[in-house]
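Residue-level structure breakdown
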Amino acid sequence: APTLREDYRAPDWLVPDIALGFDLDPARTVVRARLSVTRNGEHDRPLRLEGEELELLSLTVDGERREPVLEDGRLVVALGGAEAVVETEVAICPEKNSQLMGLYASGGILCTQCEAEGFRRITYFPDRPDVLSRYRVRLTADKARYPVLLANGNPVEQGEAGEGRHFAVWEDPFPKPCYLFAVVAGDLACNADRFRTMSGREVALGIWVREADLPKTALAMQALKDSMAWDERTYGREYDLDRFNIVAVSDFNFGAMENKGLNIFNTRYVLADPETATDADIDAVAAVVAHEYFHNWSGNRVTCRDWFQLSLKEGLTVFRDQSFSEDMGSPAVQRIDQVRTLRAAQFPEDAGPLAHPIRPDSYLEIANFYTATVYNKGAEVIRMMRTLLGPERYRKGTDLYFQRHDGQAVTCEDFVKAMEDASGVDLSQFRLWYSQAGTPTVRARLDQSGGRTALHLDQSVPPTPGQPAKQPMVVPLKVALIGAASGREISPERLVVLREERQVEPFANVTEPAFLSINRQFSAPVIVVAERKAGEIEALAESDTDAFARYEAGQELMQRDLLAAIGGGELRTEAVVTAVAATLRSNALDPAFKADAIALPGESLLIEKLDAADPARVHTVREAMRRAIGVGLKDDLSRAYMGTSRADPSSLSGEAKGLRRLRGATLGLLAAADAGLGRTLAARQYASARTMTERQAALMVLAMLGGEEAEAALADFYGRYESDPLVIDKWFAVQASVPAEETLDRVEVLGRHPAFTLANPNRLRALAGSFAGTPAAFHRADGRGYDWQAEIIVAADKLNPQTAARFVAPLGRWRKIEPGRAAKMRAALERILREPGLSKDVLELAGKSLG
Ligand code: ARG
Ligand code: ZN
């Protein structure tokens, strides 16, 4: 039965203090827990402790042995008084823990992952985020194998434990929910540094990795120090412990985890240098380091009351890490990337069978709700509040929120209330963003008839599962008018707040025909359908004064012509070619922006815009457009391509990264137009590359063109980086991303490659995630792509349900696909659902996907 948001009840028992003892061993770890519990309110209910895959060795209450009572996995302890000391002893087996939740082994390191419900796999406990405890943790382990022993908080004691073992004791003074608990034991080397906080406290920073990886931690360390300073400057938030540790492990279900004072990361978001990580990888390292660090306030000091409130910490923290990246780089380019991610990952979620509000109402498995909706749309909702309140009142709001709720487990409602109380702005209607799913569509028409100018707006929010009818939302739209003749901003940017279903906004003193620049900077996460005058999008794509809106106009133009041709019309390319030419030739635009602006909308995005899409046709038409650009602008592209070779390979400046990005984009278009030229350039770029950005881009182009050059480069790449798992992930991903029907044959072979394993989430994502993300490969007409995907999901589910479940959603997109393929997608989902012993993770998503 699903868990419902409305069923929330405060905990019956609290656990103000807990002492834990770990006798660490990969085969059998014994965990002793001493819980000081207190009755919460007037009731006579017993203490119920969650547990999963625990071998219970003993139970005592106030020192007296008790015969354990277990009710569907829970340990039920009847208690007479208002307080008690409950002690348990359990055994667990980290090396057999393939789910990577709880205590597990990763490449010789023992580590934990407790969010959302992993702590119950370590010891019996009321595993819910509104039970906050002070932790004292004693770790004992073999000294040679596990010389480093880490836990949350501060180290208080360490020493020898006999028989080659040693121990360490850690104490965390801040009460925390058990999902923030962490321990690590391993043979780790430390990149140690310091940070002086704004009040002058010295914090010891450590990034712990395998010795050989130490040189790859410098970028993460710099990002950490930048984040600490940024949070002081921007939010007035100071770090609160004497140490801050980050540990990198290679087996990890997600990106990273914000455990108090001991963040645990997927190696992918820590280890980076320009030779083995692309610029995009490097930017992601900084963003994730910042994200986890920012959680120390937005998540840890103020945490979630229950898991329905997940967006309270995740939406806010994603918004904070996005703002950090904007401040550290180019805001417009960052915003384009953010919106691309939102459109690629969140819009389809909102438009499909898995649609849910950023604060969901029910779940079967909470791990399935770590979604783009909760995270990325959640961040857009915070951003809209900042836009509506303005930066100063927004900051007053966050100050009040952190001050009012420090040390508490609270709700999304508490956040909105703090914003309201601090700003005096009424957010009642705005709250619909928390409860209504689905991406609103806003239609816009600029009326300039009869000498007056007015913007006519209307909105509709589509029905989503369980929510047939919707109310109008608050949509903050940044709008400016651009003179059709002058190309200038004739009505400067202003904020139009759409609240009604229909609304008319007058614009005064508009004396010439105007073009509409709307949703500038993507001020609202909506789909805008604007009625366009002849030549309007073309003009905006060349001269909109907002960089983001200018990018949008270019994309709208490309999309218009692509969709018309996919729908059966003739492919018209002149307007797009002209716009791309203007972009390439501009002296005012920076290279990163150019690279984004000349990239066509992706195939997945186009499929989302269609009913009954034929993915093969989408691919053919899009390729034809790319070829037309490549042929029509060969000289411009070649010149731009050659110009990018000046990018300094040792530099990570915005300029150098932008040039490399443009290098990849122009190479791709040149190769689309002329395979021979593409091969020559890509082979040369591959061989002479001094950064992974250039090498990977060249490899991708070669792989797409196929032939001997591709095989030679792939073999070289494998040999060169064999010992670097994160780079070998790229080798898998590149091959699985080739947009062709034959890709499946290669993917099948790769699935049997000795370096492939279902047990490592990064490797699985590199193969299965890349494949499902490549429509022209995944949607083979014979449906074998779906069969392969279904088999992988079923096989992975036996080891790691959380990660297996991540690959279900692509099969759920059948509603957008033509009937022949759609039937095969449904059949694959049915096959998954018939599998005995399916996890509830996969069961929930496959069931909902089938509908
Ligand atoms: N809180 C983590 C982050 O935002 C994500 C942890 C998700 N892990 C999980 N097993 N559900 O970075
Ligand atoms: Zn997070």
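Starting from 1, residues in each chain are numbered consecutively following that chain's sequence as written. Whichever chain is written first becomes A and whichever ligand is written first becomes 1, with later ones labelled in order. Since the coordinates come from a predicted model, pLDDT governs what is reported: local features require at least 70, and pairs of side-chain atoms require 80 or more to be given and counted, while whole-chain, interface and lining totals use all residues.

Helical segments are the DSSP runs of H or I of at least four residues, strand segments are the runs of E of at least two, and each set is numbered from the N terminus. A tally of helices and strands in the chain yields 27 helices and 31 strands. Just to be clear, the radius of gyration here is over C-alpha atoms, and the globule rule we use is 2.2 Å times residues to the power 0.38. Since a compact globule built from 851 residues should have a radius of gyration of about 29 Å, the 28 Å found for the chain is in line with a globular shape. C-alpha extents for the chain along the principal axes are approximately 85 × 65 × 60 Å. Relative to its full complement of 851 residues, the chain shows a buried share of 52%. The burial criterion counts other C-beta atoms lying within 10 Å of a residue's C-beta, which is placed from the backbone; the residue is buried at 20 or more, exposed at 12 or fewer, and partly exposed between these limits.

According to UniProt, the feature "domain: Peptidase M1 alanyl aminopeptidase C-terminal" (unreviewed entry) maps to residues 539-850 in the numbering used here. Within the segment residues 539-850, helix and strand shares are 72% and 0% respectively, and the terminal C-alpha atoms sit 44 Å apart. UniProt positions are given in the numbering used here, feature names are shortened, and annotations may be inferred rather than shown by experiment.

Glu115, Phe254, Ala256, Ala367 and Tyr370 are the nearest of the 15 residues found near ligand 1. Within the residue set of the shell around ligand 1, elements represented by two or more residues are β20 (256-257) and α2 (279-294). Each residue belonging to the shell around ligand 1 can be placed in one class, and the counts come to six nonpolar, five polar and four charged. Note on definitions: a residue is near a molecule or strand provided its C-beta atom, placed from the backbone, lies within 6 Å of it. Residues are grouped as follows: Ala, Val, Leu, Ile, Met, Phe, Trp, Tyr, Cys and Pro are nonpolar; Asp, Glu, Lys and Arg are charged; every other residue, Gly included, is polar.

In this numbering, the UniProt entry assigns the feature "domain: Peptidase M1 membrane alanine aminopeptidase" (unreviewed entry) to residues 220-430. Its end C-alpha atoms 37 Å apart, residues 220-430 is made of 55% helix and 9% strand.

Let's shift gears to helix α15 (residues 634-643). Taken together, the buried positions of α15 are occupied by Asp636, Leu637 and Ala640. Projected onto a plane normal to the axis of α15, the buried residues spread over an arc of 95° and lie on a single side. Exposed residues on α15 whose side chains face more than 90 degrees from its buried face are Asp635 and Met642. In this fold, the buried residues of α15 make contact with α11 (574-585), α14 (615-632) and α16 (654-673). By definition, the arc is the one covered by directions from the helix axis to the C-beta atoms. With C-beta atoms placed from the backbone, a contact is any residue pair whose C-beta atoms sit within 7 Å.

Right, let's talk about helix α19 (residues 708-721) for a bit. To estimate the expected span of a helix, count its residues, drop one, and scale the result by 1.5 Å. Over its 14 residues, α19 extends 20 Å from the first C-alpha to the last, a length consistent with the 20 Å expected when each residue adds 1.5 Å. Among all positions of α19, only Ala710, Ala713 and Phe717 are buried. Across the axial projection of α19, the buried residues extend over an arc of 70°, all falling on one side. Residues of α19 that are exposed and angled more than 90 degrees away from the buried face: Glu708, Glu711, Ala715 and Gly719.

Here we come to the sheet that holds strand β30 (residues 514-518). Either a parallel or an antiparallel arrangement is found when strands of a sheet pair, and the pairing is made through backbone hydrogen bonds. Reading across the sheet, the three strands line up as β28-β27-β30 and stay open at both edges, with antiparallel pairing between neighbours. Each end of this open sheet is capped by a strand with a single partner; those strands are β28 (489-498) and β30. For this sheet, the mean inter-axis angle between neighbouring strands, taken without regard to orientation, is 25°. Note: two strands are recorded as paired if DSSP finds a minimum of 2 bridges between them. Note: strand β27 (residues 475-483) against β30, five bridges, orientation antiparallel. Paired with Val479 across the strands is Ile518, a residue of β30. Axes here refer to lines fitted to C-alpha atoms; in helices the fit is confined to the stretch in contact. Angles between the N-to-C directions go from 0 to 180 degrees. Contacts between helix α9 (residues 536-543) and the sheet are confined to β27 and β30, with β30 contributing the most and set at about 65° to the helix.

Taken across its nine residues, strand β14 (residues 154-162) has zero buried, putting it largely on the surface. The antiparallel hairpin formed by β14 and strand β15 (residues 165-177) contains two residues in its connecting segment, where Glu163 sits at a positive phi of about 55°.

Bringing the sheet that holds strand β29 (residues 502-507) into the picture now. Taken in spatial order, the four strands line up as β29-β26-β25-β31 in an open sheet, and their pairing is mixed. The sheet is open, and its two edges are formed by β29 and β31 (527-530), each paired on a single side. Averaged over all pairs of adjacent strands, the angle between strand axes in this sheet comes to 20°, irrespective of strand direction. Pairing analysis gives four bridges linking strand β25 (residues 441-447) to β31, with the strands arranged parallel. Pairing of Ala444 across the sheet is with Ala530, part of β31.

Mapped onto the elements of the fold, Ala541 is located in helix α9. Taking the C-alpha atoms as reference points, Ala541 and Glu232, separated by 309 residues in sequence, lie 38 Å from one another. Other than its neighbours up to four places away in sequence, Ala541 contacts Arg550, Ala553, Gly554, Leu557 and Ala579.

A word on the packing of helix α3 (residues 310-328) against helix α4 (residues 331-351). As a packed pair, α3 and α4 sit with axes 7 Å apart at the nearest point and diverge in direction by 145°. Remark: the crossing between α3 and α4 carries right-handed chirality. Residues Gln322, Ser325 and Glu326 of α3 form the contact with α4, whose participating residues are Pro331, Gln334 and Gln338. Here the contact of α3 with α4 is composed, by residue class, of one nonpolar, four polar and one charged. Crossings are assigned a handedness: left-handed for a near helix turned anticlockwise from the far helix by less than a right angle, right-handed for a clockwise turn.

Let's shift gears to the pairing of strand β5 (residues 55-61). Examined bridge by bridge, β5 and strand β9 (residues 83-92) share six bridges and lie antiparallel to one another. Looking at β9, one finds that Leu59 is bridged to Thr88. Bridge count between β5 and strand β6 (residues 64-65): two bridges; the pairing is antiparallel. Pairing of Val61 across the sheet is with Glu64, part of β6. Between β5 and β6, which pair antiparallel one after the other, the connecting turn spans two residues, and Asp62 there sits at a positive phi close to 50°.

With that settled, consider the nonpolar core. Think of a nonpolar core as buried Ala, Val, Leu, Ile, Met, Phe, Trp, Tyr and Cys residues, each tied to the set through C-beta atoms within 7 Å. By size, the foremost hydrophobic cluster in this structure holds 261 residues, and its most contacted members are Leu139, Val184, Val247, Ile264, Val270, Val285 and Val842. No other element matches the ten residues that helix α10 (residues 547-566) contributes to this core. Once residues within four sequence positions are removed from consideration, Val285 is found in contact with Leu219, Ala220, Ala223, Tyr269, Val270 and Ala272.

Summarising the element assignment, Tyr401 is placed in helix α6 (residues 391-405). Its 24 C-beta neighbours within 10 Å are what place Tyr401 among the buried residues.

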